[in-house]
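Overview (structure and organization)
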Amino acid sequence: MLRSLSIFRIGRLAGLCLAVLGVPSFAQSEADDSQKLRFFDDEVLPILEEHCLKCHGAETKIKGGLRLTSREGLLRGGDQGPAIDLKKPEASLFLAMISYRDDDHQMPPKGKLSPEKSVVLSRWIAMGAPYDPRRELAAAPDENSGRPILAEGRSYWAFQPLKAPQLPEVNEVAWRKNPIDTLVLGKLSANGLSPASAAARGTLIRRAYYDLVGLPPTPDEVRAFEADESPGAFERVIDGLLASPRYGETWARHWLDLVRYAETNGYERDGPKPEAWRYRDYVIGAFNSNKPYDQFVREQIAGDELDEVTFESLVATGFQRLGIWDDEPVDADQAFYDSLDDVVATTAQTFLGLTVNCARCHDHKIDPIPQADYYRMLAFFRNTFENIKQGEFKKSAFTLNTTTPLATPAEQEDYARRKNELKERIEGLEAKILPFEDTIVATFSNPEKDDAKDERTRRALIERKQEAALSAEALAEYLNLRRELGDLKRVALQPLPQGLVIRENGAKAPETFILIRGSAHSPGDMVTPGFPQVLGFPDPEIPAQPEDGKSSGRRRVLADWIAGRQNPLTARVMVNRIWQHHFGRGIVRSSNNFGKLGDRPTHPELLDWLAVEFMRTGWDMKALHKQIMLSKTYQMSSQANEAGLQKDPNNDLFWRFDMRRLRAEEIRDSVLFLTGNLNGKMGGPSIFTDVPKEVLQTASQPDRAWGESAPEERNRRSVYVYVKRSLIEPVLGTFDLADADSPCAVRFSTTVPTQALTMLNSRFFNQQASALAVRLQREAGASPEEQALRAFSLALSREPTRAEVATAVEMIDRLQSEAGISAEKALERFCLLVINLNEFVYLD
């Protein structure tokens, strides 16, 4: 009786709280099911995860027999009976236990919930305890550790469904036009900070050029923009840059860092990956054509399984074959799984921002990713890698170098048909010619017959004796047949282009097992393809494939899920990457790790707004560039102020634009552009720069370490330079070229003495200084003043001051008078100085 009375009073108290706070009871609420589930996701679930599920969510050691990971568990209850009473919600045991009314009713044991949290749970119970079924699935415990996935992170920010945030109110009218500005200024204002002033127009156009095409503007382009005061001037600049083929070359390089692009296998021999350059050209073309990002994703993961397979989509699957590969492993079985791990790691980090690969040997130590989820993702790729069979390394030619015809099945069938037709026509003509030649050969003497065993001698004897052996009519027919045969043999079919692409071992995929401690020799439980459970998606259905099919269809399912609008990670990850390359860092600084070991977003609402907008525009990357670059936030100067430096020294709030050093490719390309030597040729096999012999001697096989290209080919853009894992191109390597052994999301920009020494002493930079001197003499004449003016305007995208010109002229004069060198050599030394200016290699 006392217990019933106490529960009744608790229910009355809960109802009173709800009434005081204006929260409708279950009977009064008109909320539909979707609103109830949203209330559970947004309000209830975080409380359960923080206070309840550690004891009432695990597979083992459940306290009191009560599991709170599903509505069914609530209704079933534990040792003391059902946790909720649907007929009398206010009398539910659940509410009694969180009341702290006596020593027997104190949950959670570490301390009473705040009144606000108690009200939320009371309202939830009054609604009938709605439970999002997706979260019930996500709450499935890990079979190895018993750790509840739901309890460990379903409420984590990166796993929340995407929704457009509410924009804050800001006072500045100009900052209300673009939601990016509204969200940035709202956070600045809340922290007592103001944005920096707008960048100068010369600074802005140089920034835009490097961001989009990786090259500086010409002096004429700078002057034209500075003179154009019309409202749409900067927008026209952006449109022109996005339409330039140089845009794809620049942004493809960012992507190639992520997918560990290289053209060799690594390890000691570091053998080549034939035709890998086709993937590079595919990426350049994808950016230039503004391929929708969701299609870009699908093609790389399952380009051979799409409804419409194309040349491009086949080349795109080369993404899966770019990793390092050991051509003589001690353990072939383990090497097989190492290759699959490379693909799983790169796919998860690049597209989802998750370090799923950390769960290869055990549950992820930080993120809610059990080991089973790693192998569920691996199962999507288990049927790939060129008929590789475990334990049959030597016999099955376990090689990632095998190329495949880049053609659809229909195109391959058509090619085979035409090739067969040509063969039949040739054989038919040869059959008609044979009787004539038999007649001629019959006239050979015995020694001649012995000599005719050599085909060249036989042909010469036939030509010598054909007129005597054949009648005039027969000879004419014979010669006509010979001419027709020769013409036909010269009509050689162009071979189908080959590419480094992925293919499967047929329609039936082998079983996948959890490998205990990651060992290929210790299989555990079998798993089927699936997505990370914490994201709350049901297990996928793999469509049945024809028995004689060439693929299992599994990767298509994975690709569709990653590129789907319901995936909370894909759009967030990509917009963060685009933001990163415009501002020098992402809204999430750890752009390959959105997990708990990564950085939290400095502007979560901005990240979500960008992601929602990205999908709304059809995954349009160029539209996103434009939206960002037209914002006041992007157009700020890098000028610091005392308040900003004190309150936000790392510029986490984007109160100014961060200055950055040019990337390795930008430095090399800009020097070539400055001298006028840059070769704009696009696409095709990679080129080899001039590498010093001393560098080549560091290779295991110096004479085979590097190739050679013609001088004009060496001057192509850096994106086309051959990427060899064991020998990094020295100029690019000096300036922090990405490591191609694993996905590289962020290049660290170092400042070390070898960079200055390289720019002063290397053969490349000195050659280009000489080339710049020749250009200055050609364009500015013999006047040192005019030469200095031209050099500074080309290199710095601005007109120099009088003092700068005077200093340059003085340097040239002193080099001649004091060092005793010629005017030409003095000009070359000045040009080397210009290339070494900080202002040339840094971007404001």
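In this text, all values refer to a predicted model and were calculated from it rather than measured experimentally. Chains are numbered independently. Their residues run from 1 in the order of the written sequence. Local features in a predicted model are, by the rule used here, given only for residues with pLDDT of at least 70; side-chain atom pairs are given and counted only at 80 or more, and totals for whole chains, interfaces and linings are based on all residues. Here the side-chain values reflect all heavy atoms present in the structure, with hydrogen atoms and water set aside.

1. Section: the overall build of the protein chain
Stated formally: A run of H or I in DSSP counts as a helix once it spans at least four residues, and a run of E counts as a strand once it spans at least two, with each numbered from the N terminus. Relative accessible area decides the class of each residue, using a 1.4 Å probe on protein chains only: under 20% of the type maximum gives buried, over 50% gives exposed, and in between gives partly exposed. In this description, contact between two residues means that some pair of their heavy atoms is separated by no more than 4.5 Å.
Helix and strand counts for the protein chain stand at 37 helices and 6 strands. Considering the protein chain as a whole, with its 844 residues, one finds that 53% of them fall into the buried category. A separation threshold of at least 6 residues defines the contact pool for the protein chain, and within that pool the share at least 24 residues apart is 70%.

2. Notes on the packing of aromatic side chains
For clarity, the threshold we go by: In this analysis, rings of Phe, Tyr and Trp, with Trp reduced to its six-membered ring, are considered paired at centre separations within 6.5 Å, and the interplanar angle assigns stacked below 30 degrees, edge-to-face beyond 60, and tilted for intermediate values.
With the rule as written, the count across this model stands at 37 aromatic pairs. When the centroid spacing of 4.1 Å and the interplanar angle of 15° are considered together, the rings of W579 and F583 count as stacked. Pair noted here: W579 and F583 are both in helix α24 (residues 570-583), with a separation of 4 residues, about one helical turn. Overall, the relative accessible area of 5% leaves F583 in the buried class. Ring centres 5.5 Å apart and planes at 70° place the aromatic pair F614 and W619 in the edge-to-face group. Here a set of aromatic residues connected by ring pairs shows up, and it is made of Y247, W255, Y279, Y282, F287, Y293, F296, F319, F351, F614 and W619.

3. Details of a negative patch on the surface
Under the convention used in this document: Any residue with relative accessible area above 30% and no salt bridge may belong to a patch, with like charges joined within 9 Å and the nonpolar Val, Leu, Ile, Met, Phe, Trp and Tyr side chains within 5 Å. We get accessible surface area from the Shrake-Rupley algorithm with a probe of 1.4 Å; when it comes to residues, only the shown protein chains can shield them. When a carboxyl oxygen of Asp or Glu lies within 4 Å of a side-chain nitrogen of Lys or Arg, that pair is called a salt bridge. The convention is simple: Lys and Arg are positive, Asp and Glu are negative, and His and the chain ends are not counted. Throughout, a charge is located at the NZ atom of Lys, the CZ atom of Arg, the CG atom of Asp or the CD atom of Glu.
Taken together, E785, E786, E810 and D813 make up a surface patch of like negative charges. Considering the arrangement of structural elements, one finds E786 in helix α34 (residues 784-796). The partly exposed category is assigned to E786, whose relative accessible area is 42%.

4. Concerning the packing of α24 against helix α25 (residues 604-616)
Formally: A fitted line through C-alpha atoms represents every axis, and for helices the fit uses only the stretch in contact; the resulting angles, taken between N-to-C directions, go from 0 to 180 degrees. Convention used here: angles under 35 degrees read as roughly parallel, angles over 145 as roughly antiparallel, angles from 65 to 115 as roughly perpendicular, and any remaining angle as oblique. Classes in brief: Ala, Val, Leu, Ile, Met, Phe, Trp, Tyr, Cys and Pro nonpolar; Asp, Glu, Lys and Arg charged; the others, Gly included, polar.
As a packed pair, α24 and α25 sit with axes 8 Å apart at the nearest point and diverge in direction by 105°. On the basis of the axis angle, α24 is roughly perpendicular to α25. Note on element contacts: α25 touches α24 through L606, L607, D608, L610, A611, F614 and M615, opposite A571, R572, M574, V575, N576 and W579. Grouping the amino acids of the contact of α24 with α25 by side-chain chemistry returns 10 nonpolar, 1 polar and 2 charged.

5. A look at the environment of L470
In this fold, L470 is placed in the loop between α21 (455-469) and α22 (472-490). The exposure class assigned to L470 is buried, which follows from its relative accessible area of 9%. Separated by 34 residues in sequence, L470 and F436 have C-alpha atoms that sit 7.8 Å apart. Those residues in contact with L470 that sit more than four places away from it in its chain are F436, T439, I440, L475 and Y478.

6. Some points on the nonpolar core
If you look at soluble globular proteins, the nonpolar side chains tend to sit buried side by side. Filter applied, for reference: Side-chain atoms within 4.5 Å link the members of a nonpolar core, which is a set of buried Ala, Val, Leu, Ile, Met, Phe, Trp, Tyr and Cys residues. What fixes the domain bounds is an automatic or database domain assignment.
Ranked by size, the top nonpolar core spans 159 residues in total, and within it W255, Y279, Y293 and F765 carry the most contacts. Taken together, domain 2 (292-404 + 502-562) and domain 4 (761-843) each give at least three residues to this core, which thus spans both. Those residues in contact with W255, other than ones at most four positions away along the chain, are Y279, V283, F287, Y293, F296, Q300, T350, F351 and M574. If you look at the next biggest cluster of nonpolar residues, it comprises 24 residues, including F39, L74, A83 and L113.

7. Regarding the side chain of Q755
Positionally, Q755 belongs in helix α32 (residues 753-761). In this structure, Q755 is in contact with R661, T734, F735, D736 and T750, ignoring residues within four places of it in sequence.

8. Some details on helix α6 (residues 115-126)
Structural remark: α-helix, 3.6 residues per turn; residues separated by three or four positions point the same way. To keep things clear, this is the line we draw: Expected helix span is given by 1.5 Å per residue-to-residue step, counting one fewer step than there are residues.
Given a rise of 1.5 Å per residue, 12 residues ought to cover 16 Å, and the 16 Å separating the end C-alpha atoms of α6 matches this to within 8%. The set of residues buried in α6 consists of S118, V119, V120, L121, S122, W124, I125 and A126. Remark: G128 follows α6 within two positions and exhibits a positive phi of approximately 100°.

9. Some points on the confidence of the model for the protein chain
Keep this limit in mind: Each residue carries a pLDDT value, the predictor's own confidence for that position, ranging from 0 to 100.
The predicted model of the protein chain has a mean per-residue pLDDT of 88, with 90% of residues at 70 or higher. Low pLDDT (under 50) marks residues 137-152, which in the prediction has 51 contacts with non-local residues, meaning those over four places away or in another chain.

10. Structural notes on the packing of helix α9 (residues 179-190) against α25
When two helices pack together, their arrangement is given by the angle between the helix axes and by the axis-to-axis distance. The interhelical angle for the contact between α9 and α25, taken along N-to-C directions, is 170°, at an axis separation of 9 Å. Put simply, α9 runs roughly antiparallel to α25. Facing α9, whose interface residues are P179, I180, L183, V184 and K187, α25 presents P604, E605, L606, W609 and L610. Looking at the contact of α9 with α25 residue by residue, the class counts come to 8 nonpolar, no polar and 2 charged.

11. Points about helix α13 (residues 245-258)
Cut-off, in case you're wondering: We call two N or O atoms a polar contact when they sit within 3.5 Å, provided that within protein one can donate a hydrogen and the other can accept it, with sequence-adjacent residues counted only if both atoms are side-chain atoms.
With 12 of 14 residues buried, α13 lies mostly within the body of the structure. Where α13 begins, one side-chain oxygen reaches toward the backbone nitrogen of R246, 3.0 Å away; that side chain belongs to S244.

12. A few points about the pattern of salt bridges
A complete count under the given rule lists 63 salt bridges for this structure. Where R717 meets E249, a salt bridge forms, and the shortest distance between an N and an O atom there is 3.2 Å. With R717 in the loop between α30 (711-714) and α31 (730-734) and E249 in helix α13, this pair connects stretches of sequence that are 468 residues apart. According to the relative accessible area criterion, R717 is buried, its value standing at 5%. Owing to a relative accessible area of 1%, E249 belongs among the buried residues under this scheme. What emerges from the salt-bridge pattern is a single network uniting D211, R253, D257, R660, R663, E665, E666 and R747.

13. Description of the environment of A808
Its place among the elements puts A808 in helix α35 (residues 802-818). Using a relative accessible area of 4% as the deciding quantity, one classes A808 as buried. In sequence terms A808 and L827 are 19 residues apart; their C-alpha atoms lie 9.7 Å from each other. With near-sequence residues (within four places) excluded, A808 lies in contact with A788, F792 and F830.

14. A short note on the side chain of D363
Residue placement: D363 occurs in the loop between α17 (332-352) and α18 (371-381). At 2.9 Å, the side chain of D363 forms a polar contact with the backbone nitrogen of Q371.

15. Quick notes on unusual backbone geometry
For the bond running from M107 to P108, omega is -5°, close enough to zero to count as cis. Positionally, P108 belongs in the loop between α5 (93-97) and α6. A positive phi angle is found at A129, which is not glycine, with a value near 55°. A residue is classified by how much of its surface remains accessible, and A129, at 0% relative accessible area, is buried. Although it is not a glycine, R517 sits at a positive phi angle of roughly 55°. For R517, the location among the structural elements is in the loop between β3 (512-515) and β4 (523-527).

16. Quick notes on the state of the cysteines
To be explicit about the condition: When two cysteine sulfur atoms are found within 2.5 Å, that pair is recorded as a disulfide.
Taken as a whole, this structure holds 0 disulfides when the rule is applied. Here C52 stays unpaired: no disulfide links it, and the sulfur of C55, its closest cysteine neighbor, is 9.0 Å away. The exposure class assigned to C52 is buried, which follows from its relative accessible area of 13%.

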